[in-house]
Amino acid sequence: MRIDLIIKNIGKLATMRGSNSPRIGQDMNKIEIIENAYVAIRDGIIVEIGTGKDYENIVSNDTKIENANGLLVTPGLIDAHTHLVHGGSRENEFSKKLQGIPYIEILKQGGGILSTVKSTKEASEDELYNKARKSLDRMLEFGVTTVESKSGYGLELDTEIKQLKVAKKLSEEHPVDLVHTFLGAHAIPMEYKNNSKAFVDIVVKEMLPKVKELELAEFCDVFCEEGVFSIEEGEYILSSAKNMGYKLKIHADEIVSLGGAELSAKLGCISSDHLMAASEDGLKMMAENNVVANILPGTSFNLNKNYANARKMIELNVAVALSSDYNPGSCPSENLQFAMQLGCLGLKMTPNEVLNAVTINAAYAIDRQDEIGSIEVGKKADLIIFDAPNVEYLMYHFGINHVDRVYKNGVLVVDDKKVIQ
Ligand code: IZC
Ligand code: ZN
């Protein structure tokens, strides 16, 4: 068998392999570490994992051999919740936030999401592309090889489509793979302030079918929150989307305990995200219905709010994933490693639990578990070489970028912490 690439001399290889369901309960704290390992790659796919010099039996003259220098290697990280494509930024609201004006209050005043809607409408496709591309480079430099990307800054068809097309083009042209989500129900436009029903009807009857027809999104998501979309509206939008063939996600119980966790279980969402205010009953229902809890601790940190109850989720056998929530309002940071560090420091998860949450469980949160999320024969060769001796070190030494090199589909795309252009 021809081998294209061998990465040898891996000090610790965290494979995250060996389960055909998301990790739950005590298994979230277990990871397989192979010492002095190598990974063999052919056509961008992992074909063998071994130790020591055993790779010498499979190399040929044209096999490239690269040296991991005894460092830690993990699967490419997966950021399963981002608002990647948007116009502008919201530092003008930062002082309001620091004065303690709540996130939802800023939105009610026509700022927040609605301010980004205005900037996104005004931006050309090229401007949106260039801005998002810069963020995607940054994510990749932090070790993220797959990103979920939501629309939701148009709140009308043309701009929603503009955002989704930019995301599609990025996925084709950038090394990072994107997973596309339609979030038309992200906020209620000012002109529908007293008639949210009319807006919800536009989302369901006009936007969902068109986005489906153009094949621009695999998932549908709704921001269910007090003052945004109610549980009833969320249920109507998501169940309509399901009937049209979308997979489902939900922004659930972020600020107020509305019953978003319960709704995600009832509808069979792939993931239910945020959950800072989720009820215990809702979490139990999620566990029973295999809904992944996708926790976003960067948002808790930035909004100065409580952290989701990750310990309770793990105790209840809910599969926990962890993502950045990168967006211009509640989490203006592309740094998933910082979110991982908050996974330990804020959510009180162990380093092993956190690594599971951003690899194999995050793959489940975007329905990509058969392709990515672990270093396993048959999966994509998305691999990170961290300049770190072990997994604990990644979480302990916080606020810096630990990445040394990134391989995407078996190709070196980040070297010495920089994207190879
Ligand atoms: O732009 O504020 N929470 N949606 C729901 C967001 C945060 C994004 C934003
Ligand atoms: Zn979000």
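These numbers were taken from a predicted model, which means no experiment stands behind them.

Participant: How would you explain the overall build of the protein chain if you had to name every residue and give the values?
Facilitator: Check the secondary structure of the protein chain and you find 15 helices and 17 strands. Taking 421 residues into account, the globule formula puts the C-alpha radius of gyration at 22 Å, and the protein chain, at 21 Å, falls close to it. Considering only C-alpha atoms, the protein chain reaches an extent of 70 × 45 × 45 Å along its principal axes. Expressed as a percentage of its 421 residues, the buried residues of the protein chain come to 59%. Once local pairs closer than 6 in sequence are excluded, the contacts in the protein chain between residues at least 24 apart make up 72%. Surface summary for the protein chain: the accessible area is close to 16,200 Å², and the carbon and sulfur share equals 47%. Here the protein chain carries 45 positive and 60 negative side-chain charges, and the mean point of each set is 1 Å from the other.

Participant: So what about the domain arrangement of the protein chain? Which residues, and what values?
Facilitator: According to the domain assignment, the protein chain contains domain 1 (5-75 + 374-419) and domain 2 (78-365). Across the contact, 41 residues belong to domain 1 and 31 residues belong to domain 2. For the pair domain 1 and domain 2, the two sides together bury roughly 3,000 Å², of which 64% comes from carbon and sulfur. At the surface where domain 1 touches domain 2, the tally comes to 3 salt bridges. Across the domain 1-domain 2 interface, the total number found is 18 residue pairs in polar contact (both at pLDDT 80 or more). At the level of secondary structure, the elements contributing two or more residues to the side of domain 1 that touches domain 2 comprise β5 (72-75), β14 (383-386), α15 (391-396), β15 (403-408), β16 (411-415) and β17 (418-419).

Participant: Describe the coordination of the zinc ion (ligand 2), with residues and values.
Facilitator: Only His81 (NE2), His83 (NE2), His251 (NE2) and Asp325 (OD) from the protein reach the zinc ion (ligand 2) as donors, at distances of 2.0 to 2.8 Å. Coordination at the zinc ion (ligand 2) is irregular, judged from the 4 donor atoms that bind it and the angles of 76 to 161° they form at the metal. Read N to C, the donor residues that coordinate the zinc ion (ligand 2) are spaced as H-x1-H-x167-H-x73-D.

Participant: Explain the site of ligand 1 to me, using residue names and the numbers behind them.
Facilitator: Inspection of the region around ligand 1 gives His83, Arg90, Tyr103, Ile113, Tyr153, His186, Phe223, His251, Glu254, Asn327 and Ser330 as its neighbouring residues. Here a nitrogen atom of ligand 1 sits 2.7 Å away from a polar atom, N or O, in the side chain of histidine 186. Relative to its free-state accessible area of 270 Å², ligand 1 is covered by the protein chains to the extent of 100%. Considering only residue class, the shell around ligand 1 consists of 4 nonpolar, 5 polar and 2 charged.

Participant: How would you summarise the sheet that holds strand β12 (residues 292-295) if you had to cite specific residues and measurements?
Facilitator: Taken in spatial order, the 8 strands of this open sheet run β6-β7-β8-β9-β10-β11-β12-β13, and their pairing is parallel. Two strands in the sheet have a free side with no partner beyond their single neighbour: β6 (77-79) and β13 (320-322). Adjacent strand axes in the sheet meet at a mean angle of 25° when their direction is disregarded. Summarising the sheet, strand β10 (residues 247-252) and strand β11 (residues 271-274) pair through 4 bridges and their orientation is parallel.

Participant: Please set out the packing of helix α7 (residues 231-243) against helix α8 (residues 260-267) residue by residue, giving values where relevant.
Facilitator: Here α7 crosses α8 at 25°, and the two axes come no closer than 11 Å. Classified by the angle between their axes, α7 and α8 sit roughly parallel to one another. Between α7 and α8 lies a crossing of right-handed hand. Listed contacts from α8 to Ile231, Gly234, Glu235, Leu238, Ser239 and Lys242 of α7 are Gly260, Leu263, Lys266 and Leu267. Grouping the constituent residues of the contact of α7 with α8 by class yields 4 nonpolar, 3 polar and 3 charged.

Participant: Please provide a residue-by-residue account of the packing of helix α6 (residues 196-213) against α7, values included.
Facilitator: Contact geometry of α6 with α7 gives a least axis separation of 10 Å together with a crossing angle of 10°. With respect to each other, α6 and α7 are oriented roughly parallel. Taking contact as the criterion, the partners of Ser196, Lys197, Val200, Asp201, Val203, Val204, Lys205 and Leu208 in α6 are, on α7, Glu233, Tyr236, Ile237, Ser240 and Ala241.

Parameters and conventions
Residues numbered from 1 in each chain as written. Chains lettered and ligands numbered in written order. Predicted model: local features only at pLDDT ≥ 70, side-chain atom pairs only at ≥ 80, totals over all residues. Heavy atoms only, no water. Helix = DSSP H or I, 4+ residues; strand = E, 2+ residues; numbered from the N terminus. Rg over C-alpha atoms; globule rule 2.2 N^0.38 Å. Buried < 20%, exposed > 50% of the residue type's maximum accessible area, 1.4 Å probe, protein only. Contact = heavy atoms within 4.5 Å. Areas by Shrake-Rupley, 256 points an atom, 1.4 Å probe, with all protein chains shown as cover. Lys, Arg positive; Asp, Glu negative; His and termini not counted. Charge placed at Lys NZ, Arg CZ, Asp CG, Glu CD. Domains from an automatic or database assignment. Buried area = accessible area lost by both parts, 1.4 Å probe. Salt bridge = Lys/Arg side-chain N within 4 Å of Asp/Glu carboxyl O. Polar contact = N/O pair within 3.5 Å; in protein donor to acceptor, adjacent residues only side chain to side chain. Donors = N, O, S within 2.8 Å, 3.2 Å for Na, K, Ca; no water. Tetrahedral: all angles 85-135°; square planar, octahedral: opposite > 155°, others 65-115°. Near = heavy atom within 4 Å. Nonpolar A, V, L, I, M, F, W, Y, C, P; charged D, E, K, R; others polar. Pairing = 2+ DSSP bridges. Axes fitted to C-alpha atoms, helices over the stretch in contact; angles between N-to-C directions. Parallel < 35°, antiparallel > 145°, perpendicular 65-115°, else oblique. Left-handed = near helix turned anticlockwise from the far one by under 90°.

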